Amino acid sequence: MELEEIMEQLEETVEKMENETLTLEEAYDTFSHGMKLVKAGNKAIDKVEKKIEILMEKEVQGSEDE
């Protein structure tokens, strides 16, 4: 799942919890789903950060070679 899709689903989840009258069980399920989205978002961000670090290292190495 792409980070943008995760963020959209997370926004929808927050809106649902803020704007709808939910039973305790529905609120728990919605919250649990939101937490799974947060974890997935963090993993997606970590992947992007690693890619950026690799690109930055390559850029620094390329600059040193010149």
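Everything in this summary refers to the structure shown in the same document. (Residues numbered from 1 in each chain as written. Predicted model: local features only at pLDDT ≥ 70, side-chain atom pairs only at ≥ 80, totals over all residues. Heavy atoms only, no water.)

**Considering the environment of Gly41**
One can find Gly41 in helix α2 (residues 24-65). In this structure the C-alpha to C-alpha distance between Gly41 and Leu55, which are 14 residues apart in sequence, comes to 21 Å. Those residues in contact with Gly41 that sit more than four places away from it in its chain are Leu3 and Ile6. (Helix = DSSP H or I, 4+ residues; strand = E, 2+ residues; numbered from the N terminus. Contact = heavy atoms within 4.5 Å.)

**Some remarks on the environment of Val38**
By the secondary structure assignment, Val38 is in helix α2. With 32 residues separating them along the chain, Val38 and Ile6 place their C-alpha atoms 8.0 Å apart.

**A few points about helix α1 (residues 3-19)**
Its 17 residues place the ends of α1 24 Å apart at the C-alpha level, agreeing with the 24 Å of an ideal helix rising 1.5 Å per residue. Turning to α1, its buried residues number three or more, namely Ile6, Leu10 and Thr13. Around the axis of α1, the buried residues are gathered within 60° of arc, so they sit on the same side. For α1, the exposed residues lying more than 90 degrees away from the buried face are Glu4, Glu8, Glu12, Glu18 and Asn19. (Expected span 1.5 Å × (residues − 1). Buried < 20%, exposed > 50% of the residue type's maximum accessible area, 1.4 Å probe, protein only. Arc of directions from axis to C-beta.)

**Details of the side chain of Thr30**
On the secondary structure map, Thr30 appears in helix α2. In this structure, Thr30 is in contact with Thr13, Lys16, Met17 and Leu22, ignoring residues within four places of it in sequence.

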